[in-house]
Amino acid sequence: MISDPYAVIRRPIMTEKSHSIRKDRNQYTFEIHRSATKDDVKRAVEKLFNVKVAAVRTMNIKPRTKVFRRLRGKPGKTRGWKKAIITLAPGSPGIDVL
Amino acid sequence: MSSEGKAATLDLKWQVEDIGPCRKKLIVEVAASEVNRALEKSCSALAGDVQIPGFRKGRAPRDLVEKRFAAEISKEVAEALVPEAIDQSCKAASLDIISAPRFDRDKIRLRKGEPLKFEVEVEVKPEFILGQYKGVEINQLEAVVFDEELDAVVREALIEAGHVSIEEPMEATPDCEIFGTTRVEAEGFDESYLTRATIEDGLTLGPPVAVPVDMLIGKKTGDTVEYEMIAGEECQASALRGKKVKISFRINKIIRQKSKELTDEIAREFGEPDAAAFREKLRSKFMEVIAEKSKTRAEEELLEKITAATPFEVPRGAVERYKEFVLSALDRVIRRLRTDERYDNEDTDETISKLAEADSERIVRQTFILEKIAKVENITVEDDEVDAELAAMARARGVRASDLFRQMSENGDLEAVKWKILRRKTIDFLMRNANITVVPRKRNGDVADTGPSATAPVAGGGPAAETGASGPVPPGAVEVGGTTGSDGAPAPTGEVAGDRIDSTSGHAGSSGAKTEQASEDGAPVTGGDNRDDTGTPPATGEGDARRAREDAPEGT
């Protein structure tokens, strides 16, 4: 368990898709710590943003193979990371992620 | 005094306060609704173009764009809204501004949902009551040509065309040209100069100190004239000022140029049947010059009297801008003088700056007065008058009138042409309504510089120099006055300023300094023969005039 909420929540993800689900389904997307659990994320979000979380879904984004210029054209790997999609409870205030 | 009101198109409030002669402070408040609308519009436009990581181009949400680019959007909206608000408030407050509004951009804060408040300072046209401008008493010199003047013109024409005989007299006389070497010695200074002098014109080439050429009369080739003097403040070489200077002038050659006698045969070379006809032709040309110059003199007297009768505070900004324009138009001269080591750079700058300063206020004042008289008397410029002027200018430049029209429309020079016509018509109106007393002209010329060179013809044709009519100036902005003479009067237009010393300017010195004049129509005149038959300045000068006009703010 990671107790520091700032260590759990790395950054909000701002993409067309995350924007779309935020508007349509009241769901917010964050990059989280690789070892953070759903409970960690729920506690951290509720503490940081003062909201009520209804559900948390997490997923590991696997590293991709990519040709890097800094490696002089040799293939390398992008970093892997963990994503959490948080659904807020009905009636909960929204999160200002902008 | 202050006034306030509510403008029509943009929802704004304004307040005007007097902060000095011809200067107003405009306090403007644009309503919050207008600010929001402008922000909304700007944000929508930006959202369609902007690319933010994670979003395809133009797909970023409005709120994100608004937050990310808040500073840029505010700046853009302020830049669009502020000039519009100033424009509307000035129109609503009936302010006739003649300068770019001055305000501190950094102080303008634009926030969503809040009104936009700012203050600007503007210079406005002066408000004044016209003094007497009808029935003004002026003198105009009678246009007559004296025989001795005509003789001089004929001689000049013959010399110009090469009908001369050169003698080398034993002794220098007042009609001789003397060549030699001048050595100037002073503490820490020892220079020699090739020197050319005539008794009439003084030194036309030589050292930067005055040489009393009268001392040369009676001297022979090979003689050396020596004298000592203390160089005064007027000395053009600063290294010599206040020092005891020893000058040695050695005469190397004395020549006398004499024109041949006018014969029927020579007259035929000029395209005239006989000598009498040639003289008559020169007489009529010289008469035209004298008539034009005496008319110009009378007009200047009239304008000076009207100006004296109409006191008002001239906007300093307009004077300064006008001065800047004159100086930029004279930049070529200044640059050339800077390369001449005989002249003190600082003095040259100072002299030109003083001349520009003296002229600027006079011309700006006259411009406002003429503009007001034209308005009061309902003097207007018709399109066909502009067309005729453009056609004349096109003829003189050898271009098509339509091309010239297009070029001038693009450059914004048409206003200058209109002003030139309006100015001319207004002055003509004033002359028609003046009480003109024709006074006899004395011998030895009392019309400024109607010397023979002004009418010297070239073989087979017209005059080498023609007088230029006073030219155009858009009101309050880009009128260039003639170079002011030592008596404060403008130098005559069309005067050739070259090696020959300008007796009216008083600043060319005795060492053959070349001067150029700023003509009344907004460009330096480098020589009378540069002017075309419409009195418009040479092309280079017009370019300067145009550039200055472009720099000048609107509404002037």
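Please refer to the structure placed before this passage.
Residues numbered from 1 in each chain as written. Chains lettered and ligands numbered in written order. Predicted model: local features only at pLDDT ≥ 70, side-chain atom pairs only at ≥ 80, totals over all residues. Heavy atoms only, no water.

Trainee: Could you give me a rundown of the pattern of salt bridges, with the residues and numbers involved?
Mentor: Tallied over the full model, the rule gives 41 salt bridges over all chains. The residue D96 of chain A makes a salt bridge to K67 of chain B at a minimum N-O spacing of 3.3 Å. Placement of D96 of chain A in the segment after β6 (81–88) and of K67 of chain B in helix α2 (residues 62–68) is noted, with the two residues assigned to different chains. According to the relative accessible area criterion, D96 of chain A is exposed, its value standing at 56%. (Salt bridge = Lys/Arg side-chain N within 4 Å of Asp/Glu carboxyl O. Helix = DSSP H or I, 4+ residues; strand = E, 2+ residues; numbered from the N terminus. Buried < 20%, exposed > 50% of the residue type's maximum accessible area, 1.4 Å probe, protein only.)

Trainee: Mind laying out the packing of helix α10 (residues 383–397) of chain B against helix α11 (residues 401–411) of chain B, listing which residues take part and the relevant values?
Mentor: Residue and element names in this part refer to chain B. Packing of α10 against α11 leaves a shortest axis separation of 9 Å and a crossing angle of 110°. It follows that α10 is roughly perpendicular to α11 by the angle criterion. Contacts between α10 and α11 pair L390, A391, M393, A394 and R397 from the former with A401, L404, F405 and M408 from the latter. Residues belonging to the contact of α10 with α11 are distributed by class as follows: 8 nonpolar, no polar and 1 charged. (Axes fitted to C-alpha atoms, helices over the stretch in contact; angles between N-to-C directions. Parallel < 35°, antiparallel > 145°, perpendicular 65-115°, else oblique. Contact = heavy atoms within 4.5 Å. Nonpolar A, V, L, I, M, F, W, Y, C, P; charged D, E, K, R; others polar.)

Trainee: So, the nonpolar core: which residues are in play, and what are the values?
Mentor: In terms of nonpolar packing, the biggest core is built from 55 residues, with V41 of chain A together with F118 of chain B touching the most fellow members. The element contributing the most residues to this core is helix α3 (residues 70–92) of chain B, with 8 residues. Contacts of F118 of chain B, omitting those with residues within four sequence positions, involve L26, I27, V28, V30, V82, A85, I86 and I108 of chain B. (Core = buried A, V, L, I, M, F, W, Y, C linked by side-chain atoms within 4.5 Å.)

Trainee: Can you explain the sheet that holds strand β3 (residues 53–61) of chain A? Please cite residues and give values.
Mentor: Residue and element names in this part refer to chain A. Pairing within the open sheet is antiparallel, and its 4 strands lie in the order β1-β2-β6-β3. Edge positions in the sheet fall to β1 (9–12) and β3, since each has one partner strand and no second. When the angles between neighbouring strand axes are averaged without regard to direction, this sheet yields 30°. Lying over the sheet, helix α2 (residues 16–25) contacts β2 (27–32) and β6, oriented at roughly 140° with respect to β2. Together, β1, β2, β3 and β6 form the strand contacts of helix α3 (residues 38–49), whose direction differs from that of β3 by roughly 125°. (Pairing = 2+ DSSP bridges.)

Trainee: Explain the packing of aromatic side chains residue by residue, including any values.
Mentor: Enumeration over the complete set of coordinates arrives at 4 aromatic pairs over all chains. With 5.6 Å between their ring centres and 25° between their planes, F30 of chain A and F49 of chain A make a pair best called stacked. Of this pair, F30 of chain A sits in strand β2 while F49 of chain A sits in helix α3; the two residues are 19 residues apart in sequence, bridging distant segments of the chain. When its relative accessible area of 28% is taken as the criterion, F49 of chain A is described as partly exposed. Judged by centre distance (6.3 Å) and plane angle (40°), the ring pair of Y322 of chain B and F325 of chain B falls under tilted. (Phe/Tyr/Trp six-rings, centres within 6.5 Å; stacked < 30°, edge-to-face > 60°.)

Trainee: I'd like a rundown of the interface of chain B and chain A, residues and numbers included.
Mentor: Residue-level contacts link 9 residues of chain B with 7 residues of chain A. Between chain B and chain A, roughly 710 Å² of surface is buried when both sides are summed, and carbon and sulfur atoms account for 58% of that area. The interface formed by chain B and chain A holds 2 salt bridges in total. On inspection of chain B and its partner chain A, the count reaches 3 residue pairs in polar contact (both at pLDDT 80 or more). (Buried area = accessible area lost by both parts, 1.4 Å probe. Polar contact = N/O pair within 3.5 Å; in protein donor to acceptor, adjacent residues only side chain to side chain.)

Trainee: So what about a negative patch on the surface? Which residues, and what values?
Mentor: Taken together, E382, D383, D384 and D387 of chain B make up a surface patch of like negative charges. Relative to the helices and strands, D384 of chain B is located in helix α10. (Patch = residues over 30% accessible without salt bridge, like charges linked within 9 Å, V, L, I, M, F, W, Y side chains within 5 Å. Areas by Shrake-Rupley, 256 points an atom, 1.4 Å probe, with all protein chains shown as cover. Lys, Arg positive; Asp, Glu negative; His and termini not counted. Charge placed at Lys NZ, Arg CZ, Asp CG, Glu CD.)

Trainee: Can you break down helix α1 (residues 32–47) of chain B residue by residue, with the values?
Mentor: Residues and elements named next belong to chain B. Between its first and last C-alpha atoms α1 spans 22 Å; for 16 residues at 1.5 Å apiece the expected length is 22 Å, and the two agree. Taken together, the buried positions of α1 are E34, V35, A38, L39, S42, C43 and A47. Looking at the packing, one finds that the buried side of α1 touches β3 (23–30), α2, α3 and β4 (116–123). (Expected span 1.5 Å × (residues − 1).)

Geometry only, nothing functional implied.
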